[in-house]
Each structure stands twice: as structure tokens, then as C-alpha cells.
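In case you want the letters, here they are:
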Amino acid sequence: MRSSLSYLRWPVIVTLLGILLAGWLGYRFTGAAAGAVSFLMIALVLAVLEISLSFDNAIVNANKLKEMTPKWQRRFLTWGILIAVFGMRVIFPLLIVVIAAHVGPLAAIRLAATDPQEYSRLINEAHLPIAAFGGAFLMLVALSFFFDQSKKVDWIGKIERALRRCGSVRGMEVGFVLVLILLFVWLLPFEEEHVFMFSAMWGIVTFLGVDALGHVLDRWGQAQDAARGTAQVGLGGFLYLEVLDASFSFDGVIGAFALTQNLFLIAIGLGIGAMYVRSMTVMLVERGTLAEFRYLEHGAFWSILILSILMFGQTMWHLPEVVTGLLGAVFIATAFVNSVMWNRRHKGGAHH
């Protein structure tokens, strides 16, 4: 059996390359060592966020991969990585910029590489709709986790139990976000409120669409399994996993805009994270085991919730990216430590 460390070879190589590239980018864009260090830190926080958000993704992937033929397993772990890293983590953020700033894709790439000042101005103009859309989408991602009636484990006990009770009212999370949107519309200047409300509404609609698609694919996957019995799946399973991966990575990509608006930095940070998630998936498939960190997912969702509120706040006040990044990292790190302590208390048990 392969050692645990052997699974980390490629992710570590990609991490080192990514760190060098992020540092170089920081220096290239700011012309100062402090800028290089700042870019490096943001890339690492993005990678940690991506890994934390994708723990459940790795579990779903592993369960589905077990049923696939070895040929399609290999394809998913090679082509799949390219689609996941370049499709969702490079092209998708680019599309956000293209739609929000009304420029062509090539023009957006050229601007980001050759004229950061103009690119930055375009992004700043597009910041209000991006923050409104992303804030609404992310808030629903986090609230649907905390409002979930079937959630058994609580990390921040009293608050999470209260939120779960709210979840017994149907559509409560959407209502909660709508109330916050109305509050910000009331607070924002007249010329900005229409753009904010329109973008935030699209955030809600997109979340509900992705959620519905996830349910349809889940049901389709279960129906396929029932029809085939124990038969292995190929292309169907591959497509299912790719769409599932896209809907999982959506929150990470949107969240990345709260940390930095630099397109290349988003791609580097999320790309590093995506490599670890794929390695984790391979390990789960090959070993058939899962070392669960009980509260890590909770930490990730708390950081998403804080991030979404800060994104709404950014439409009115300037909040440094380091603050949003550090707050998220603190929640995730604390949850990780608490999980390790819980595992030790329960003799390293991996079961809930």
C-alpha cells in the first residue's frame, strides 16, 4: 500500500510552483517585497479555503469513483483535474470579469497581464455587482448548511442549535438573505441600490439553480445505480462528477473575490487547493477509509458566512482583504484544532 506521503507528491510540487508564481506576481504588480508576501499569503489562504470547502466534494467523488471502470477513473483524475482547475478556477472568474466589466475574454486577460491599473479600475467599477451577487450566493451556501434539519454535529453549540431550529420554517434562509438585501438597499445611495438589488437577486437565483441541479444529478446517479445493480459506470459517472465538482467549486470561486480581485492569484490559490482535493479523493478510493475532522466543515461554513457578510459590507466601506482572509483562516484553524482534540478524547475515532 502507498504511504500517505506519496499521495502528496504532486500537490506539494504544485504548491511550491504556485508559491513562487504568487510571490513573483505580487512583486510584478506592486514592485515591493511586501506585495510579494501579501500575494503569497492570499494564495495560501485561498488554497486552504478551497481544501476546506471541498472535503465533502472529495467524499462524494470517492464514493462515485469506486463504481467507475479503471479507465474512467484515470480519465477523471487526469482530464478531470484539467477541467476542474482551468475550467472552474480560471475561465469562470474570467467570465465574472467579462460579464461585470463588459469586455471580451481576450481583452480581460490582456488587461489583467499588461495594464493592471486599467484592469483594477474596471474591476472596481464591477465590484458592487460582484460583491452583491457573491454575498447573496455565499450567505445561502452557509445558511443552508446551518439550517439543515438533518445536521447532527454542532461546533458552536448554542448558536448552531438556534440556527437549526430556524431551519424548520421552509425557505427561512432565503427570507433571511432577502431581509439583509432590503437593509443594504435602504442604506446604499440611490444610484447604487438598483444594481445591488438586481445582482443580489441573481445570486439567490443562481444558488437555487445550482442546488436544484445538484438534486437532479443526485437522483439521476441513484437511478443509474439502481438500474445497473453493481455494474460499473463510465462517461455518465464522469459527467456527473464534473458537474458536481463545478457546483462545489462555485462557492470557492465566488469567495475568492472577497480576498483578492487578481485573476491570476485566484487561479493559483484555487488550483493549489484543487490538487490537494484530487489527491485526497485518490487516497479515499485506494484506501477505502476516511479520517474525519469532525468540525472542519463547520469552520469552513462559518468562514463562508463571515465572508458573505463582509462582501455585502464592502459595497459601502473599504475592508482590507487581509482582514477577510485572516478571519476565514482563524475559523478553519480553530475548527481543525478542535477536531483533533475531539479525536484524541475519543481515542482517534473517525466516527461521528
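That block above? That's the structure.
If you're wondering where the values come from, they're calculated on a predicted model, not measured in any experiment. (Residues numbered from 1 in each chain as written. Predicted model: local features only at pLDDT ≥ 70, side-chain atom pairs only at ≥ 80, totals over all residues. Heavy atoms only, no water.)

A. Looking closely at the overall build of the protein. Across its full length, the protein carries 13 helices and 0 strands. Each helix (α) and strand (β) of the protein, taken in turn from the N terminus, gives the series α-α-α-α-α-α-α-α-α-α-α-α-α. Within the protein, the proportion of its 352 residues that are buried is 47%. Long-range pairs, those at least 24 residues apart, make up 80% of the contacts in the protein with a sequence separation of at least 6. Roughly 17600 Å² of accessible area belongs to the protein as shown, and the carbon and sulfur atoms make up 70% of that amount. (Helix = DSSP H or I, 4+ residues; strand = E, 2+ residues; numbered from the N terminus. Buried < 20%, exposed > 50% of the residue type's maximum accessible area, 1.4 Å probe, protein only. Contact = heavy atoms within 4.5 Å. Areas by Shrake-Rupley, 256 points an atom, 1.4 Å probe, with all protein chains shown as cover.)

B. Up close: helix α12 (residues 296-314). For α12, with 19 residues, the first-to-last C-alpha span of 27 Å sits near the 27 Å given by 1.5 Å per residue. With 16 of its 19 residues buried, α12 lies for the most part within the structure. (Expected span 1.5 Å × (residues − 1).)

C. Quick peek at the nonpolar core. Membership of the largest hydrophobic core comes to 66 residues, with the highest contact counts inside it found for F146, V177, I181, F196, W302, L305 and F312. Per-element accounting of this core gives the leading share, 14 residues, to helix α6 (residues 116-146). Contacts of F146, omitting those with residues within four sequence positions, involve K151, E160, L163, R164, H298, F301, W302 and L305. With 7 residues, the next largest nonpolar core counts M68, W72, F76 and L241 among its residues. (Core = buried A, V, L, I, M, F, W, Y, C linked by side-chain atoms within 4.5 Å.)

D. Quick look at helix α1 (residues 9-30). Helix length check: α1, at 22 residues, gives a terminal C-alpha distance of 32 Å against a target of 32 Å (1.5 Å per residue), a fit within 8%. Among the residues of α1, P11, T15, G18, A22, G23, L25 and G26 are the ones counted as buried. Buried positions in α1, seen along its axis, are confined to an arc of 160° and lie on one side of it. Opposite the buried face of α1, by more than 90 degrees, sit the exposed residues R9, W10, L16, L17, L20 and W24. Phi for G31, located one or two positions after α1, is positive at around 75°. (Arc of directions from axis to C-beta.)

E. Structural view of the pattern of salt bridges. Counting across every chain of the model gives 3 salt bridges. Here K151 and D154 are joined by a salt bridge, their closest N and O atoms 3.0 Å apart. A salt bridge links E160 to K151; the nearest nitrogen and oxygen atoms lie 2.7 Å apart. K151 sits in the buried class, given a relative accessible area of 9%. One salt-bridge network, held together by shared partners, links K151, D154, E160 and R164. (Salt bridge = Lys/Arg side-chain N within 4 Å of Asp/Glu carboxyl O.)

F. Examining a nonpolar patch on the surface more closely. A contiguous nonpolar surface patch, about 560 Å² in accessible area, is contributed by L82, F86, V90, I91, L95 and I99. Its location among the elements puts L95 in helix α4 (residues 70-101). (Patch = residues over 30% accessible without salt bridge, like charges linked within 9 Å, V, L, I, M, F, W, Y side chains within 5 Å.)

G. Up close: the environment of E173. Position of E173 among the secondary structure elements: in helix α8 (residues 172-187). The class for E173 is buried, based on a relative accessible area of 19%. Spatially, the C-alpha atoms of E173 and S144 are 6.5 Å apart, while their sequence positions differ by 29 residues. When sequence neighbours within four positions are dropped, the list of residues in contact with E173 reads L140, L143, S144 and F147.

H. Geometry of the packing of aromatic side chains. Under the criterion given, the structure shown has 10 aromatic pairs. Pairing F145 with F301 gives two aromatic rings, centres 4.1 Å apart and planes at 10°, and the pair type is stacked. Linking F145 in helix α6 with F301 in helix α12, this pair joins segments that are 156 residues apart in sequence. Take F145: its relative accessible area is 13%, and that puts it in the buried class. Residues W302 and F331 carry aromatic rings whose centres are separated by 6.4 Å and whose planes lie at 15° to one another, so their mutual orientation is stacked. Placement of W302 in helix α12 and of F331 in helix α13 (residues 321-345) is noted, with a sequence separation of 29 residues between them. (Phe/Tyr/Trp six-rings, centres within 6.5 Å; stacked < 30°, edge-to-face > 60°.)

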